Amino acid sequence: MTTFVELLLGGLSIGSVYALIALGFVVIFKATEVVNFAHASLLLAGGYVTAVLHDDIGFWPALLVGIAGAASVGAAIEFFVMRRYRGSDHSVLAIVTIGVDILLITELTRRMGTDVLALGDPWGNEVVTIGGVTLAQTRIAAFLAAGLLITVFLLAFRYTSWGVSMRAAAENPQTAALMGIKLGRVSLAAWAVAGALAAVAALFLTVFPTPGLERATSLAALKAFPAAILGGLDSTTGALAGGLIVGVTESLATGYQSDLSFLGRGIGDLAPYLVMVAVLLIRPAGLFGTKELARV
């Protein structure tokens, strides 16, 4: 029972980090109706800036610069690349983001080489034991930080003028533009917010018990993608639910992998995609996604 509780709490913690990444997918999709496959490079960029600077200026200032850097990269992608293709088919724009992702990750990989970079977090390898259940302090910090950021985002999305503008643009961009909402600003802000969230997620993906930031860190965005899909690509609430589902599923499948040996090795990595497919077979729009109706 203790093992199950540890795996469950660990899954909720890493799931909240996946929710941050999934929220970035959702924000951009709601603002532009484009699936952003360059999200992995935003995550890697934010983590790289933090890792490079923390020795010189300290962890917290480096983290703030990393968040700002990833947000700036996201805004630059929107302004210099995506805006030039405005009006193009959304599938074409998605392919463009794949090209951008390849370019950015290639450059970041060249700079990192084979090194595994530490981000200098203050938690180290400390653990907390309560009632026989042991959990790393980094996992607790991840859950609290992700919960706070998601709450702030949802409140801003609901009550600020930016949130109202984004919801209006997502509902009907043509009408929103006629009402004076500047769609370019909404899109730019969405990419910047997604980059900032990715940078925070990069921190908690690379601290203990993982060794640090490396090229493979960007693959976490691929695990968060099923979270966004099964939750509903146009639902902020779905991003949170999907992230937690993926995190818990991955944690339990990995923890009990020896009991699931008949399914083959690496079932923990495959489990989120199996859950995504199962959900989509029942609800093609995702758990909280909007169903599109067509009159024939």
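Residues numbered from 1 in each chain as written. Predicted model: local features only at pLDDT ≥ 70, side-chain atom pairs only at ≥ 80, totals over all residues. Heavy atoms only, no water.

A. Examining the UniProt feature "transmembrane region" (unreviewed entry) in the protein chain more closely. In this structure's numbering, the residues bearing the UniProt feature "transmembrane region" (unreviewed entry) are residues 6-27, 59-80, 92-109, 140-157, 188-208 and 270-290. Secondary structure over residues 6-27 splits into 100% helix and 0% strand, and the C-alpha atoms at its two ends are 31 Å apart. When the span residues 92-109 is considered, its composition is 100% helix and 0% strand, and the gap between its end C-alpha atoms is 26 Å. (UniProt positions renumbered as here; feature names shortened; annotations may be inferred. Helix = DSSP H or I, 4+ residues; strand = E, 2+ residues; numbered from the N terminus.)

B. Region of the structure containing the environment of Val26. Residue position: Val26 is located in helix H1 (residues 2-32). Here Val26 falls in the buried class, since its relative accessible area comes to 0%. Taking the C-alpha atoms as reference points, Val26 and Ala228, separated by 202 residues in sequence, lie 6.7 Å from one another. Beyond its immediate chain neighbours, meaning those up to four positions away, Val26 contacts Ala228, Gly232, Leu233, Asp234, Ser235, Thr236 and Ala239. (Buried < 20%, exposed > 50% of the residue type's maximum accessible area, 1.4 Å probe, protein only. Contact = heavy atoms within 4.5 Å.)

C. Inspection of the layout of surface pockets at higher detail. When its volume is computed, the largest pocket comes out at roughly 650 Å³. Along the wall of the largest pocket there are 26 residues; nearest its centre are Ile14, Tyr18, Arg139, Thr210 and Lys223. The set of elements that each furnish at least two residues to the lining of the largest pocket consists of H1, strand E2 (133-136), helix H8 (183-206), helix H9 (220-231) and helix H10 (236-255). Here the residues of the lining of the largest pocket are counted per class, giving 13 nonpolar, eight polar and five charged. (1 Å grid on protein atoms, 1.4 Å probe; cavity = no way out; pocket = protein on both sides within 12 Å on 5 of 7 lines; lining within 4 Å. Points joined across faces, edges and corners; volume = space filled by probe spheres on them. Nonpolar A, V, L, I, M, F, W, Y, C, P; charged D, E, K, R; others polar.)

D. Region of the structure containing the pairing of E2. Of the strand pairs in this sheet, strand E1 (residues 127-130) and E2 are connected by four bridges, and their pairing is antiparallel. Pairing of Thr129 across the sheet is with Thr134, part of E2. Remark: two residues form the turn of the hairpin made by E1 and E2, two consecutive strands paired antiparallel; Gly131 in that turn has positive phi of roughly 60 degrees. (Pairing = 2+ DSSP bridges.)

E. Region of interest: the packing of aromatic side chains. One pass over the full model with this rule turns up nine aromatic pairs. Residues Phe153 and Phe157 carry aromatic rings whose centres are separated by 5.7 Å and whose planes lie at 20 degrees to one another, so their mutual orientation is stacked. Separated by four residues within a single helix, Phe153 and Phe157 lie in helix H5 (residues 137-159), roughly one turn from each other. The exposure class assigned to Phe157 is buried, which follows from its relative accessible area of 9%. Considering the side-chain rings of Phe153 and Trp162, the 5.9 Å spacing of their centres and the 70 degrees angle between planes classify their relative orientation as edge-to-face. (Phe/Tyr/Trp six-rings, centres within 6.5 Å; stacked < 30°, edge-to-face > 60°.)

F. Structural context of H8. Relative to the 34 Å expected for 24 residues at 1.5 Å per residue, H8 spans 35 Å between its end C-alpha atoms, a close match to the ideal helical length. Judged by how many residues are buried, H8 sits mostly within the fold: 18 of 24 residues are covered. (Expected span 1.5 Å × (residues − 1).)

G. Representation of unusual backbone geometry in the model. Cis geometry is found at the peptide bond from Phe208 to Pro209, where omega equals 15 degrees. With respect to the helices and strands, Pro209 occurs in the loop between H8 and H9. At Glu33, a residue that is not glycine, the phi angle is positive and equals roughly 60 degrees. Topologically, Glu33 is positioned in the loop between H1 and helix H2 (39-57).

H. The arrangement of the pattern of salt bridges in detail. As enumerated under the stated definition, the model contains five salt bridges in all. Put simply, Glu107 and Arg111 hold a salt bridge, and the shortest N to O gap is 2.9 Å. A residue pair is termed a helical-turn pair when its members lie 3 or 4 positions apart in one helix, as Glu107 and Arg111 do in helix H4 (residues 90-112) at four residues. Looking at Glu107, the relative accessible area reads 29%, which means it is partly exposed. (Salt bridge = Lys/Arg side-chain N within 4 Å of Asp/Glu carboxyl O.)

I. Looking closely at helix H3 (residues 59-80). Compared with the 32 Å implied by 1.5 Å per residue over 22 residues, the 31 Å span of H3 between its first and last C-alpha is a close match. What H3 keeps buried is the set Phe59, Ala62, Leu63, Gly66, Ala70, Ala71, Gly74, Ala75, Ile77 and Glu78. Where H3 is buried, its residues meet H2, H4 and H8.

J. Here's a closer look at the nonpolar core. The biggest cluster of nonpolar side chains holds 72 residues, and the ones touching the most others in it are Ile21, Leu203, Phe204, Leu205 and Leu213. Of all the elements, H1 adds the most residues to this core, at 13 residues. Those residues in contact with Leu213 that lie beyond four places of it in its chain are Leu44, Gly47, Tyr48, Ala51, Met112, Asp115, Val116, Leu117, Leu119 and Thr206. (Core = buried A, V, L, I, M, F, W, Y, C linked by side-chain atoms within 4.5 Å.)

K. Here's a closer look at a nonpolar patch on the surface. A surface patch of nonpolar side chains, amounting to about 370 Å² of accessible area, comprises Phe37, Ile95, Ile98 and Ile102. Mapped onto the fold, Ile102 is located in helix H4. (Patch = residues over 30% accessible without salt bridge, like charges linked within 9 Å, V, L, I, M, F, W, Y side chains within 5 Å. Areas by Shrake-Rupley, 256 points an atom, 1.4 Å probe, with all protein chains shown as cover.)

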